[in-house]
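# Reading the structure
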Amino acid sequence: MNDEKRIKEYYDLLAGIYDDLYGEEQRAKYDKIIHIIKDKRALSRMLDLGCGTCEFSYIAKKLKYEYIGLDLSLNMLKCGKAKNREGELVQASFRRLPFRRNSFLIVIAIDSFKDISEYLGLENEIVSRIKRGGRIVITFPKRGLKSKFIRELKVYEKEETNTKDVFLYKDL
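Residue indices follow the written sequence of each chain, beginning from 1 at its first position. Local features are withheld for residues below a pLDDT of 70 in this predicted model, meaning they are given only at 70 or higher, and side-chain atom pairs are given and counted only at 80 or more; totals for whole chains, interfaces and linings count all residues. Computation of side-chain values covers all heavy atoms of the structure but excludes hydrogens and water.

A few words now on the pairing of strand β2 (residues 66-71). Of all six residues making up β2, five are buried, and the element is well covered by its neighbours. When DSSP locates at least two bridges between a pair of strands, those strands are taken to pair. Each helix is a run of H or I in the DSSP string that is no shorter than four residues. Each strand is a run of E no shorter than two, and both are numbered from the N terminus. Bridge count for strand β1 (residues 45-49) against β2 is five bridges, and the pairing is parallel. Looking at β2, one finds that Leu49 is bridged to Leu70. Crossover handedness for the path β1 to helix α3 (residues 57-62) to β2: right-handed. Here the term buried applies to any residue with accessible area under 20% of the maximum for its type, exposed to any over 50%, and partly exposed to those in between, with areas from a 1.4 Å probe on protein chains only. We call a crossover right-handed when, viewed with the strands running away from us, the connection from the first strand over the helix to the second turns clockwise.

Take Ile106: it is sitting in strand β4 (residues 104-110). In this structure Ile106 comes out as buried when scored by relative accessible area, which is 0%. Setting aside its immediate chain neighbours within four residues, Ile106 contacts Ile37, Lys40, Arg45, Met46, Leu47, Tyr65, Ile130 and Arg135. Residue contacts are counted whenever heavy atoms from the two residues lie within 4.5 Å of one another.

Between the rings of Phe, Tyr and Trp (Trp by its six-membered ring), a pair exists once the centres lie within 6.5 Å; its type follows the angle of the planes, with under 30 degrees stacked, over 60 edge-to-face, and the other angles tilted. All told, the structure shown has six aromatic pairs when counted by the stated rule. A ring pair is formed by Tyr10 and Tyr11, whose centres lie 4.9 Å apart and whose planes are at 85°; its orientation type is edge-to-face. Accessibility expressed as a relative area gives 44% for Tyr10, which makes it partly exposed. Between Tyr18 and Tyr22, the ring centres sit 5.1 Å apart and the planes meet at 40°, which makes this aromatic pair tilted.

As structure tokens, then:
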């Protein structure tokens with residue numbers, strides 16, 4: 001069984017109880033993410049990779065972003081829709097994003113990648129969807145009982161230049 005199929009099946013089974021199991025942990029990350037994205041232009045498109053039950057859509061609406069949630073698990077997306085979460089929901093793979101280049105100002109991925117190497121393997125696919133001046137905000141899941149929710153948070157920003165796209169790690 002390939003990784004995507006295994007991940008989809010796992011989250012399809014977990015969908016009904018996901019918020020009960022991980023909701024508090026996920027919400028603890030939102031304040032850090034809000035701080036990083038709040039200065040970007042409102043009314044811009046935001047992509048939430050691995051959106052799960054789309055809980056971040058409420059925050060996106062408050063910040064006046066057009067929210068698009070993407071997940072492999074149809075059941076997770078159905079749970080988000082059933083809870084009246086806002087925005088457009090798309091079932092798709094990170095490996096083949098169904099969006100045009102330069103479509104988003106913000107891309108967030110909250111624990112959607114197990115580590116930086118997994119993200120780097122898909123970086124070109126994701127970066128190509130970001131507009132100049134846009135940001136990617138990624139959190140990686142905690143490891144072990146001693147860490148507090150976020151093991152690592154990375155922010156990348158596509159510089160606004162007229163020549164070549166430059167994507168830099170930002171310490172914000």
